[in-house]
Amino acid sequence: KATVSVLNWSGSGEGRRAAAAMLPSNAYIRSSAGPRQEFFRRMLRLNQMDFDSALAQMMYLCCSPEKAFREARHRKLTKNHWSRDDPAFLVLLLAQVCATCLAYYVAVCWPLMGFSLLSLLKFTVYEITVHFLGAGLVLSSLFWCIANKYLHGRGHMHEVRQPLEWQYAFDIHTNGYFTVLMICGPVQLLLLPFLIGDTFAARIVANSLVALSLCAYFYVTFRGYVELPFLENQEYFLYPISFVLLCFALSLGTSFNVSNWWINNHLLDDYTQ
C-alpha cells in the first residue's frame, strides 16, 4: 500500500523515480519467472542452443564435476535462476541414450535374433521413459523435497528464504545420469564379452562398473547441491554411496553378475520376442 501511494503521489519527479526504483524491473521478473518457458522455446530452435557449452559441461563431468556447476552459479548472478534455460545438454544426452541403445542392440540382439526396428524402438523408448525420465522424476522430486524441507540454513532473521527450484534438481539428475551412461554405456559395451562370463573376475569387474556408476551419480548430485549457498549439510547426499558399496561387497559372495543378468533377463528376453 505504501508503494502504491508513493507512485500515485503528485509530488516531484524524483520521488516517483525513487519509488519506482524500489519495484522489480521487467527484465528481472521475466528472468526469474520464465526459465522453463525459455527452455522449451529454445528446444524448437537448434540455432539457439549452445552445444559447445553443453559439451564442455559433459567433459567436466567426466574429469572435474565441480566445474560443471559453475555455469549454474553464473546463471543465478545474471538471470536470477539456477536451472538451465538452454536445452542443448538434454538434447545431447538423449542423442547419446539413443546411440547407446542402438549400439547394444546391434552388438547383442542382432547377431542372435536378427534386426527388428520395432524391438529397437521399444528398447530405446523404455530406456528414455523409465530409466531416464521415470527415475529422474522420482529422484529429483525426492531430493528436492529433502533439500527444501530439511537442508535449508537458518540464515539471518530478516533474510528471505530461497526455495530450491525443481528444475535445478532435475538438472542435477541429468548431470548424474550422464556419468552413469558413460560408464554403463561405452565402457561396459567394450568389455561386454569379458563381463558376461561366468568367472569370478568377470563378476568383480561387472559389478564394480555398476557400483562405480551409481557412486558417480550420487557424487555429482552432492556437487550440484553444494553449489547452493542457502543449503547446509549437503553431505547427506553422499550417504547412499555407503549402501551401494555394501551391496557390491555382498554381491561378491554370490554368483550374481549384474551385466550378465541385464543382458539375459532384460535385453534379450524383453526385446527379442
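Residues numbered from 1 in each chain as written. Predicted model: local features only at pLDDT ≥ 70, side-chain atom pairs only at ≥ 80, totals over all residues. Heavy atoms only, no water.

### Regarding the confidence of the model for the protein
Argument step 1. Looking at the protein, the pLDDT average stands at 83 and 79% of residues meet or exceed 70.
Argument step 2. Confidence drops under pLDDT 50 across residues 1–33; counting only partners more than four residues distant or on other chains, this segment forms 17 contacts. (pLDDT = per-residue confidence, 0-100. Contact = heavy atoms within 4.5 Å.)

### Observations concerning the side chain of His-152
Argument step 1. The residue His-152 is located in the loop between α9 (117–150) and α10 (166–190) in this model.
Argument step 2. By relative accessible area, His-152 is classed as buried at 11%.
Argument step 3. Among the polar contacts listed, one links the side chain of His-152 to the side chain of Asn-148, at a separation of 3.4 Å. (Helix = DSSP H or I, 4+ residues; strand = E, 2+ residues; numbered from the N terminus. Buried < 20%, exposed > 50% of the residue type's maximum accessible area, 1.4 Å probe, protein only. Polar contact = N/O pair within 3.5 Å; in protein donor to acceptor, adjacent residues only side chain to side chain.)

### Observations concerning the side chain of Glu-227
Argument step 1. Looking at where Glu-227 falls in the secondary structure, it is placed in the loop between α12 (200–226) and α13 (239–251).
Argument step 2. Within the local environment of Glu-227, its side chain forms a polar contact with the side chain of Arg-73, the two groups lying 2.6 Å apart.
Argument step 3. Leave out the neighbours within four places in its chain, and Glu-227 touches Glu-66, Phe-69, Arg-73, Trp-82 and Tyr-168.

### Examining the nonpolar core
Argument step 1. Ranked by internal contacts, the top residues of the largest apolar core, which has 52 residues, are Leu-93, Tyr-168, Tyr-225, Leu-228 and Leu-267.
Argument step 2. Taken together, the elements giving at least two residues each to this core come down to α5 (51–63), α8 (88–113), α9, α10, α12, α13 and α14 (258–271).
Argument step 3. Take this core: its biggest share by element is 10 residues, from α8. (Core = buried A, V, L, I, M, F, W, Y, C linked by side-chain atoms within 4.5 Å.)

### A short note on the packing of α10 against α12
Argument step 1. Between α10 and α12, the least distance of the axes is 9 Å, while the angle of their chain directions is 155 degrees. Relative to α12, the element α10 lies roughly antiparallel. Every pair of crossing elements has a handedness; the one defined by α10 and α12 is right-handed.
Argument step 2. Among the residues forming the contact of α10 with α12, the class breakdown is 15 nonpolar, eight polar and no charged. (Axes fitted to C-alpha atoms, helices over the stretch in contact; angles between N-to-C directions. Parallel < 35°, antiparallel > 145°, perpendicular 65-115°, else oblique. Left-handed = near helix turned anticlockwise from the far one by under 90°. Nonpolar A, V, L, I, M, F, W, Y, C, P; charged D, E, K, R; others polar.)

### Side note on α13
Argument step 1. In this model α13 runs 19 Å from its N-terminal to its C-terminal C-alpha over 13 residues, within 8% of the 18 Å that 1.5 Å per residue would give.
Argument step 2. Three or more residues of α13 are buried, namely Ile-241, Val-244 and Ser-251. The buried residues of α13 all sit within an arc of 85 degrees when viewed along its axis, so they share a single face. More than 90 degrees from the buried face of α13, the exposed residues found are Tyr-239, Ser-242, Phe-243 and Leu-250.
Argument step 3. On the buried face of α13, the contacting elements are α12. (Expected span 1.5 Å × (residues − 1). Arc of directions from axis to C-beta.)

### Focus on the pattern of salt bridges
Argument step 1. Across all of its chains, the model carries four salt bridges by this definition.
Argument step 2. Two residues, Asp-85 and Lys-79, come together in a salt bridge whose shortest N-O distance is 2.8 Å.
Argument step 3. By relative accessible area, which is 8% here, Asp-85 ends up buried.
Argument step 4. By relative accessible area, Lys-79 is classed as partly exposed at 31%.
Argument step 5. Residue Asp-171 is joined to Arg-84 by a salt bridge in which the shortest nitrogen-to-oxygen separation is 3.8 Å. (Salt bridge = Lys/Arg side-chain N within 4 Å of Asp/Glu carboxyl O.)

### What about a nonpolar patch on the surface?
Argument step 1. On the surface, Leu-102, Val-106, Trp-110, Phe-115, Leu-117 and Leu-121 cluster together into a nonpolar patch covering about 560 Å² of accessible area.
Argument step 2. Elements with a contribution of two residues or more to the nonpolar patch: α8 and α9.
Argument step 3. Take Leu-102: it is sitting in helix α8. (Patch = residues over 30% accessible without salt bridge, like charges linked within 9 Å, V, L, I, M, F, W, Y side chains within 5 Å. Areas by Shrake-Rupley, 256 points an atom, 1.4 Å probe, with all protein chains shown as cover.)

### Quick notes on empty space enclosed by the protein
Argument step 1. What the rule picks out here adds up to three cavities of 30 Å³ or more.
Argument step 2. Put simply, the largest cavity is a space of about 70 Å³.
Argument step 3. Lining the largest cavity are Asp-50, Ser-53, Ala-54, Gln-57, Glu-71, Arg-75, Arg-84, Asp-85, Asp-86, Ala-88 and Phe-89.
Argument step 4. The set of elements that each furnish at least two residues to the lining of the largest cavity consists of α5, α7 (70–79) and α8.
Argument step 5. For the lining of the largest cavity, the leading source of residues is α5, giving three residues.
Argument step 6. The residue inventory of the lining of the largest cavity, partitioned by class, reads three nonpolar, two polar and six charged.
Argument step 7. Each pocket or cavity is described by its volume, and for the second largest cavity that value is around 60 Å³.
Argument step 8. If you go around the second largest cavity, the residues you meet are Gln-57, Ala-68, Phe-69, Ala-72, Arg-75, Arg-84, Tyr-168, Asp-171 and Asn-175.
Argument step 9. Sorting the residues of the lining of the second largest cavity by element identifies α7 and α10 as the ones contributing at least two each. (1 Å grid on protein atoms, 1.4 Å probe; cavity = no way out; pocket = protein on both sides within 12 Å on 5 of 7 lines; lining within 4 Å. Points joined across faces, edges and corners; volume = space filled by probe spheres on them.)

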